[in-house]
Every structure is written in C-alpha cells, then in structure tokens.
Amino acid sequence: MLAYLIRRLIQAALILLGVSFITFFLLFVLPADPVRQIAGRSATPETVANIRHQLGLDQPFIVQYWHYLTGLAQGDMGRSYLQKTEVATLIAARLPATLLLMLGAIVAELIMGLTLGIVAAIRRGGALDQSLMITSFVAVSAPQFVVGLLLLYVFAVKLSWFPIGGYGSFSNLVLPALTLGIMGSGWYSRMMRSSMIDVLRSDYIRTARAKGLRRFRVLALHAMPNAILPIIAMIGIDIGIFMSGIVVVESVFGWPGIGQLAWQAIQRVDIPIIMGVTLVSACAIVLGNLLADLITPFIDPRIKLR
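Residues numbered from 1 in each chain as written. Predicted model: local features only at pLDDT ≥ 70, side-chain atom pairs only at ≥ 80, totals over all residues. Heavy atoms only, no water.

### What about the overall build of the protein?
Part 1: Counting secondary structure elements, the protein contains 13 helices and zero strands.
Part 2: Along the three orthogonal principal directions, the C-alpha set of the protein runs to about 85 × 55 × 30 Å.
Part 3: Per-residue burial for the protein yields a buried fraction of 42% across its 306 residues.
Part 4: Sequence-distant contacts, at least 24 apart, represent 73% of the contacts inside the protein between residues at least 6 apart.
Part 5: Of the roughly 16600 Å² of accessible surface on the protein, a fraction of 68% belongs to carbon and sulfur atoms.
Part 6: Here the protein contributes 24 positive and 14 negative side-chain charges, whose respective centroids are spaced 14 Å apart. (Helix = DSSP H or I, 4+ residues; strand = E, 2+ residues; numbered from the N terminus. Buried < 20%, exposed > 50% of the residue type's maximum accessible area, 1.4 Å probe, protein only. Contact = heavy atoms within 4.5 Å. Areas by Shrake-Rupley, 256 points an atom, 1.4 Å probe, with all protein chains shown as cover. Lys, Arg positive; Asp, Glu negative; His and termini not counted. Charge placed at Lys NZ, Arg CZ, Asp CG, Glu CD.)

Here is the structure:
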C-alpha cells in the first residue's frame, strides 16, 4: 500500500508539473496583454513598459516559468495583477463555496442517477427502461447554462420556491447543485443500469434467489455492492467535470466560488489567478481519482492495489 501511494504521489506531482507548464505556456502566447488591462487604454508606452518590467513580463518564457515554479515550491502562488492580493488568499476565500457546491452536486447526481439506473435495470427492455434511458441521454446532452436558466425560471421566478441567486443557506444551494447534478445523473444512470444488469445475471444472484431471499434483500445486499464499484471511479472523474462546468453554473447563480473567480480573471487576463485556479482544479482531480482508487479495495477485497 505504501509503495503504491508513493508511486501515485510521484505521478501526481509530474501531472501537476505538466499542467502548470502547458497552462503557463498558453497564457504566455495569448494575444491578450495583461499589462494593457492594468495600465488602461490611455497609458503611454513608457508606462506600459514600466509595468511590464515590474511584473517581470518582459523576460523570456523559461525565466518567467522558473520564477513561478520557485515561488510555488515555497507556497507562493503570486499576487493578482488587478486586485493586488495574494492568489492563495483569494482562492482560500472562495474554495469553501465551491467545495460545498461540488458536494451538493455529487449527492444530487448520485441520488438521481443510481435510482434511475437501478429502476431501468430491473425493468430492462420495457417502456419504462427506454423512457429513463432517453431521459438520461437528454440530461447528458443539455448545456448547463440552459438547464440552470430553465430551473431558475421555473422554480425561482414562476414558483418562487428558491431564491434566484446568492449564497449562505440550503435553499441557495439546491438549484445550482441540481444543475450540475442533472448532467451527471445521466452518466450514472446509464453506467448503473449496465453494471446492474451484469450483476443480476451472475451465478451468486441466482443462488440467492434460489434460497428464497426476498427481492429487496437480493438487490440491497448482493447486487448493489458489486454494481456500484464502477461508480466509485466515476466520482473521482466527476471532480474534474465539475471544475470545468462549475464556472458557468457559478456565473448563472451568482455563486461566490473559484469558478466565478476564474471567469473574472479570464476576462481581465489576470494570469496569476488563472494559474492558481487551474492548479487547484488539477489537484482536486488527481486527489479525487487517487481517493477513489484507495477506497475501492475496502468495498471489494478482491481488488488489489498494484
């Protein structure tokens, strides 16, 4: 276990190094000039050159990247060009809101997706199965901003069940979590249906039924624990999906997370914030996948870490 963990941590460090290099390079070759955003349109060439020199943006790419890495190794993610605040401080202030939204979205997609998948597997081949699979396909295909605006219009504007936006209470969390969860539920329902059908055809399920066990007991104690194994790995992958889609959802609902912070930084070409959010998102993806791999053997002892 220890050797496996060390190997995975080394791989994670290399992945994060690659992510930082690619992101930094893309921002370096970006046509947009962050100095112009800081200086303003009416700034003189001398002012622009002075700001560029102060920020170190007049140095070659490899020198800028090396300075960023050395600062990152010391826990320094840089300072925002426009907000004049440490990037780590800005992200730390926004991260709890994003983690809360991510947790709510995972709970929502698991409840909807697993329920639909199990029902579809039990009723496979029937009209209900086909209807649920069509619904899951629509859920996966629907753009998140369309789903978010539709939920806002129906449940916030028309029915007034939930607030239009904001942060701080459970009612503020419901609609953005559902927006993220609806797309994920489509994937989970299809995966759970396939996994559940395979498990229900297994010999030990036939044996359990032959012993006279009730259907609910067979499903809950024998089929579910084995059918849910592929779902665990998907949860780790979902963290990455949420980190990419959470920018849109936070903007629609005015949710004060790192997605909204990243969107504002992209509009202003605030490179330190963009780098910081990208690395934090990459860390979340890597740790999510590692956690999924470590949990799986505890659920099914037949699976060994190598």
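From this point, the narrative continues.
### A word on the layout of surface pockets
Part 1: Of the volumes computed, that of the largest pocket is approximately 570 Å³.
Part 2: Lining the largest pocket are 25 residues, with Phe24, Leu55, Leu57, Gln64 and Tyr81 sitting closest to its centre.
Part 3: Of all elements in the fold, only helix 1 (2–28), helix 3 (45–55), helix 4 (61–73) and helix 13 (271–299) reach the threshold of two or more residues within the lining of the largest pocket.
Part 4: Ranked by residues supplied to the lining of the largest pocket, first place goes to helix 4 with five residues. (1 Å grid on protein atoms, 1.4 Å probe; cavity = no way out; pocket = protein on both sides within 12 Å on 5 of 7 lines; lining within 4 Å. Points joined across faces, edges and corners; volume = space filled by probe spheres on them.)

### Overview of helix 4
Part 1: Its 13 residues place the ends of helix 4 18 Å apart at the C-alpha level, agreeing with the 18 Å of an ideal helix rising 1.5 Å per residue.
Part 2: Buried within helix 4 we find Phe61, Gln64, Tyr65, Tyr68 and Gly71. Looking down the long axis of helix 4, one finds its buried residues gathered within 125 degrees of arc, a one-sided arrangement. Across helix 4 from its buried face, at more than 90 degrees, point the exposed residues Ile62, Trp66 and Ala73. (Expected span 1.5 Å × (residues − 1). Arc of directions from axis to C-beta.)

### A look at the packing of aromatic side chains
Part 1: The final tally for this structure, using the stated rule, is 10 aromatic pairs.
Part 2: Measuring from ring centre to ring centre gives 5.5 Å for Phe25 and Phe61, while their planes differ by 85 degrees; the resulting arrangement is edge-to-face. A residue pair is termed long-range when its members are at least 10 positions apart, and Phe25 in helix 1 and Phe61 in helix 4 qualify at 36 residues.
Part 3: Judged by its relative accessible area of 38%, Phe25 is partly exposed.
Part 4: Take Phe61: its relative accessible area is 14%, and that puts it in the buried class.
Part 5: Members of the aromatic cluster, joined through ring pairs, are Phe21, Phe24, Phe25, Phe28, Phe61, Tyr65 and Tyr68. (Phe/Tyr/Trp six-rings, centres within 6.5 Å; stacked < 30°, edge-to-face > 60°.)

### With respect to empty space enclosed by the protein
Part 1: Using the criterion set out here, one finds one cavity of 30 Å³ or more in the structure.
Part 2: Split by residue class, the lining of the largest cavity holds three nonpolar, three polar and two charged. (Nonpolar A, V, L, I, M, F, W, Y, C, P; charged D, E, K, R; others polar.)

### Some points on the side chain of Ser185
Part 1: Position of Ser185 among the secondary structure elements: in helix 8 (residues 170–200).
Part 2: One polar contact links the side chain of Ser185 to the main-chain carbonyl oxygen of Ile182, over a distance of 2.6 Å.
Part 3: If we skip the residues at most four places from it in the chain, Ser185 touches Glu109, Met112 and Gly113. (Polar contact = N/O pair within 3.5 Å; in protein donor to acceptor, adjacent residues only side chain to side chain.)

### Focus: the side chain of Ser20
Part 1: Inspection of the secondary structure puts Ser20 in helix 1.
Part 2: A distance of 2.9 Å separates the side chain of Ser20 from the side chain of Tyr65, its partner in a polar contact.
Part 3: Leave out the neighbours within four places in its chain, and Ser20 touches Tyr65, Leu69, Met275 and Leu279.

### Concerning the pattern of salt bridges
Part 1: Per the counting criterion, the structure on display carries one salt bridge.
Part 2: Close ionic contact of Arg79 with Glu86 constitutes a salt bridge, the shortest N to O distance being 3.3 Å.
Part 3: For Arg79, a relative accessible area of 45% gives the class partly exposed. (Salt bridge = Lys/Arg side-chain N within 4 Å of Asp/Glu carboxyl O.)

### A look at a nonpolar patch on the surface
Part 1: Residues Phe21, Ile22, Phe25, Leu26, Phe28 and Val29 make up a contiguous nonpolar surface patch of about 550 Å² in total accessible area.
Part 2: One can find Ile22 in helix 1. (Patch = residues over 30% accessible without salt bridge, like charges linked within 9 Å, V, L, I, M, F, W, Y side chains within 5 Å.)

### Points about unusual backbone geometry
Part 1: Unusually for a residue other than glycine, Lys84 sits at a positive phi of about 55 degrees.
Part 2: Structurally, the position occupied by Lys84 is in the loop between helix 4 and helix 5 (87–122).
Part 3: In this structure, Val269 is a non-glycine residue whose phi angle is positive, near 55 degrees.
Part 4: On the secondary structure map, Val269 appears in the loop between helix 12 (258–268) and helix 13.

### Regarding the confidence of the model for the protein
Part 1: In this model, the protein carries a mean pLDDT of 80, and residues with pLDDT of at least 70 account for 92%.
Part 2: At the level of individual helices and strands, the protein shows its lowest average pLDDT in helix 11 (residues 229–253), which scores 71, and its highest in helix 4, which scores 89. (pLDDT = per-residue confidence, 0-100.)

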